Structure formats: structure tokens, C-alpha cells
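Residue-level structural notes
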Amino acid sequence: MYEAIASQKFHSLLAPFGVNPVMSLEIFTDIARAYSSADRHYHNLTHILQVLQIIDQMRPHAQNPAALEFAAWFHDIIYDSKAKDNEEKSAAYATNILKTLKIPSSNIDKVAKIILTTKTHQATEKDIDTYIFLDADLSILGESSAEYNIYNQAIRKEYSWLSEAEYRWGRIQVLKKFIERERIYLTAEIFEAREIKARQNIQTEIESLLAGNIKKM
């Protein structure tokens with residue numbers, strides 16, 4: 001079901017750029033394969049669709065909606081939980097594919113720039129499209145407690161190669177960086193809708209990790 005919805009969205013994105021439907025299908029097939037690999041418990045098509053949903057909600061505020069959507073499709077195309085250069089590789093992958101599809105260079109440059117900001121999830125300059133994308137990528141943090149629990153358990157599975165102690169320590173460091181920020185969400189709309197819940201979810205997970213209650217997957 002998710003793949004059919006994703007396919008329709010991807011082809012709709014490419015249509016205005018005059019991309020050959022056969023090439024569009026080939027590219028989507030490669031994307032779907034990457035996001036459907038066995039080690040993708042969170043960074044999969046479901047995540048991509050959620051990011052796209054938030055981008056769509058924020059479309060009236062976006063300057064370059066197409067660049068935002070392209071960034072959504074490619075920002076996690078390369079994902080190895082043991083690697084430190086996923087964002088750089090994903091940006092390079094996106095650049096190569098979009099050049100092949102003859103997408104305007106201004107869009108390609110913005111897509112790569114947005115993807116690279118997901119390394120720290122902090123905007124290096126004031127740019128509404130970057131703000132929207134980073135908020136969309138982190139939107140899961142402000143979901144219901146039940147959805148958040150599904151998310152954090154999926155992340156644990158993606159780091160199953162780490163011991164419980166190693167995972168707890170590393171995850172706490174990541175979560176603390178978010179909760180210590182002045183604000184998690186950069187856009188006014190998503191801040192108002194999700195900031196409080198995101199902080200509650202993160203604090204609850206930190207307390208659980210400190211207590212050693214993370215479940216073995």
C-alpha cells in the first residue's frame with residue numbers, strides 16, 4: 001500500500017519537469033528498493049511519506065516546494081547506522097540523479113543543501129524551506145506517545161549491533177542535544193503544534209533509557 005502511494009507521489013513530482021515516464025519508474029524502483037531493505041525499520045518509505053505529508057501542510061509557506069519534495073525522497077537514500085557520512089552520500093546521490101533527470105540546477109543545489117543540514121538538524125542560515133524540511137524530518141518527535149514509542153523501538157532495531165549499554169548512552173546524548181535547544185521546531189506552525197509534545201516524548205525516553213528499560217529487539 002505504502003509503495004503504491006509513494007509511487008504516485010513521486011511520478012506527480014516529476015511530471016511538471018517533463019521526465020520520461022519510463023525513466024521515472026526506473027528511478028522510483030531504485031528508491032523504493034533502497035528504502036525497503038531489511039535493515040530499514042524507521043528510515044523507510046513510511047518515514048518519507050510522513051515527511052512529505054508535513055511538507056504538503058506547509059506548502060503555502062514554502063518558496064521551492066519541489067526542492068523540498070526532492071529532498072524528502074533522497075535525504076535518507078543512503079543509510080548505514082554505522083556510517084558517519086550518510087548525509088554527504090545522500091546529497092551526492094540526489095545530485096547525480098537529478099542531473100540525469102535534467103532538473104534545473106537551482107533546484108539541485110537547494111536539494112543538496114537541505115539534505116546536508118540533516119546531519120545536525122540545525123539550519124546554518126535563515127531559510128524557510130530548510131526550516132520546513134528540518135521540522136518535517138523531526139515531526140515524529142511530536143507525535144502521540146504510542147507513535148513515538150513505535151519510532152524509538154524502530155531506531156533501536158536499526159542499531160541492533162550496539163550493546164544495550166552502548167545504545168542507551170549514545171541515544172541519550174542524541175536526545176539531550178534536542179531537548180537542550182531553545183526550540184526543536186523552527187517554523188511557527190510546527191512549533192505551536194508539536195513542540196510541547198516532542199519535549200515530553202524525548203524526556204520520557206531519556207528517563208526510560210536512564211532506568212535501563214529499553215527493550216531488547
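Please refer to the structure placed before this passage.
Residues numbered from 1 in each chain as written. Predicted model: local features only at pLDDT ≥ 70, side-chain atom pairs only at ≥ 80, totals over all residues. Heavy atoms only, no water.

Applying the stated criterion across every chain yields a total of 9 aromatic pairs. When the ring of F10 is compared with that of F28, the centres are 5.9 Å apart and the planes differ by 40 degrees; the resulting orientation is tilted. With F10 in helix α1 (residues 2–14) and F28 in helix α2 (residues 21–35), the pair connects residues that are 18 residues apart, well separated along the chain. One exposure class covers both F10 and F28, and it is buried. The interplanar angle of 40 degrees and the centroid separation of 6.1 Å between the aromatic rings of F74 and Y93 together place this pair among those described as tilted. (Phe/Tyr/Trp six-rings, centres within 6.5 Å; stacked < 30°, edge-to-face > 60°. Helix = DSSP H or I, 4+ residues; strand = E, 2+ residues; numbered from the N terminus. Buried < 20%, exposed > 50% of the residue type's maximum accessible area, 1.4 Å probe, protein only.)

Counting 62 residues, the largest nonpolar core has F70, W73, F74 and L141 as the members making the most contacts within it. Per-element accounting of this core gives the leading share, 8 residues, to helix α4 (residues 65–74). In this view, L141 contacts Y148, Y151, I184, Y185, K197, A198, N201 and I202; residues no more than four positions away in its chain are not counted. (Core = buried A, V, L, I, M, F, W, Y, C linked by side-chain atoms within 4.5 Å. Contact = heavy atoms within 4.5 Å.)

What follows concerns helix α9 (residues 164–179). Spanning 16 residues, α9 covers 22 Å between terminal C-alpha atoms, matching the ideal 22 Å at 1.5 Å per step. Of all the residues in α9, the buried ones are E164, Y167, R171, I172, L175 and F178. The arc that holds every buried residue of α9, seen down its axis, measures 125 degrees, which confines them to one face. The outward face of α9, more than 90 degrees from its buried face, is lined by the exposed residues W169 and K177. (Expected span 1.5 Å × (residues − 1). Arc of directions from axis to C-beta.)

A few words on α1. In this model α1 runs 19 Å from its N-terminal to its C-terminal C-alpha over 13 residues, within 8% of the 18 Å that 1.5 Å per residue would give. Turning to α1, its buried residues are A6, S7, F10, L13 and L14. All buried residues of α1 project into a common sector of 130 degrees when viewed along the axis, lining one side. Opposite its buried face, α1 presents the exposed residues A4 and Q8, each directed more than 90 degrees away. Residues of α1 that are buried make contact with α2, α3 (45–57) and α4.

With that out of the way, let us pick up the environment of W73. You can see W73 is positioned in helix α4. In this structure, the C-alpha to C-alpha distance between W73 and K176, residues 103 residues apart in sequence, is 28 Å. In contact with W73, other than residues within four places in its own chain, are A6, K9, F10, L13, F28, I31, Y35, L45, I48 and L52.

Let's shift gears to the pattern of salt bridges. When the charged atoms of two side chains with opposite charge come close together, those side chains can pair. In the structure shown here, the tally under the stated rule is 13 salt bridges. Between K110 and D127 there is a salt bridge whose closest N-O contact spans 3.4 Å. With K110 in helix α6 (residues 105–117) and D127 in the loop between α6 and α7 (128–137), this residue pair connects regions lying 17 residues apart in the sequence. Side by side, K110 and D127 carry an identical accessibility label, which is buried. A salt bridge links R194 to E143; its shortest N-O distance comes to 3.2 Å. Placement of the pair is R194 in helix α10 (residues 188–210) and E143 in the loop between α7 and α8 (145–158), with a sequence separation of 51 residues. Its relative accessible area of 15% is what places R194 among the buried residues. Residues joined by salt bridges that share partners form a network here, namely D56, R59 and E69. (Salt bridge = Lys/Arg side-chain N within 4 Å of Asp/Glu carboxyl O.)

Here we take up the side chain of N64. In this fold, N64 is placed in the loop between α3 and α4. Judged by its relative accessible area of 16%, N64 falls in the buried class. Those residues in contact with N64 that lie beyond four places of it in its chain are N107, K110 and D129.

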